[in-house]
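Take a look at the letters that make up each chain.
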Amino acid sequence: MDTFRASLEVHCHLLFILAWSFFLGYKVPYKELWKFALVAEVIFIFPELIRLLVYLNPSSSVTFQEIDEYRPFSLLSLLGSENVAAQYHYALGTVNIFEIFYGILWLYGFHMISNRGLGECSIVVLISYYFPLLIWLIFYILVYKG
């Protein structure tokens, strides 16, 4: 993932969380959210490290596409990419245990920053992170042209 895309993704997450927290009546400082976002994004290093370790010494029959489509602990790896239509690869690869951990991490981070209850914070995280992610994945599936 290039630096610009990663930075853009972090900013989008922050803006969604900040906007929805504002709409729900919570005052949360952007600077604190930014600091937390940089820490929370570290969780996405783990699937890349797992991919690196799995394909550190690949056999000659492994293709670049196999390495590229390898998504550890995702629905795609559970179902097998050969058993799923190509338009669903990205979406099923995105739905993984690291996304769940990321949401839980945001839940606790938002809870610490906003000093609100976990129930209220879970609404903010669901509305500001998982709902846009779901919309994006549905959009991607609908416009995919293989």
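Above this text you will find the structure in question.
Residues numbered from 1 in each chain as written. Predicted model: local features only at pLDDT ≥ 70, side-chain atom pairs only at ≥ 80, totals over all residues. Heavy atoms only, no water.

Caption draft 1: Structural context of the overall build of the protein chain. Secondary structure assignment for the protein chain yields eight helices and zero strands. Listed by position from the N terminus, the elements making up the protein chain come as α-α-α-α-α-α-α-α. With the C-alpha coordinates aligned to their principal axes, the bounding extent of the protein chain is approximately 55 × 30 × 25 Å. Out of the 146 residues belonging to the protein chain, those deemed buried represent 32%. For the protein chain, restricting intrachain contacts to residue pairs at least 6 apart in sequence, the fraction spanning at least 24 positions comes to 58%. About 9500 Å² of surface is accessible on the protein chain, with carbon and sulfur atoms providing 70% of the total. Taking the 8 positively charged and 11 negatively charged side chains of the protein chain as two groups, their mean positions are separated by 11 Å. (Helix = DSSP H or I, 4+ residues; strand = E, 2+ residues; numbered from the N terminus. Buried < 20%, exposed > 50% of the residue type's maximum accessible area, 1.4 Å probe, protein only. Contact = heavy atoms within 4.5 Å. Areas by Shrake-Rupley, 256 points an atom, 1.4 Å probe, with all protein chains shown as cover. Lys, Arg positive; Asp, Glu negative; His and termini not counted. Charge placed at Lys NZ, Arg CZ, Asp CG, Glu CD.)

Caption draft 2: The packing of helix H2 (residues 30–40) against helix H7 (residues 97–114), seen in detail. In the contact formed by H2 and H7, the axes pass within 10 Å of each other and the chain directions differ by 155 degrees. Comparing their axes, H7 and H2 come out roughly antiparallel. For the element pair H2 and H7, the recorded crossing hand is right-handed. Together, Glu-32, Leu-33, Phe-36, Ala-37 and Ala-40 of H2 and Tyr-102, Leu-105, Trp-106, Gly-109, Phe-110 and Ile-113 of H7 make up the contact between the two elements. (Axes fitted to C-alpha atoms, helices over the stretch in contact; angles between N-to-C directions. Parallel < 35°, antiparallel > 145°, perpendicular 65-115°, else oblique. Left-handed = near helix turned anticlockwise from the far one by under 90°.)

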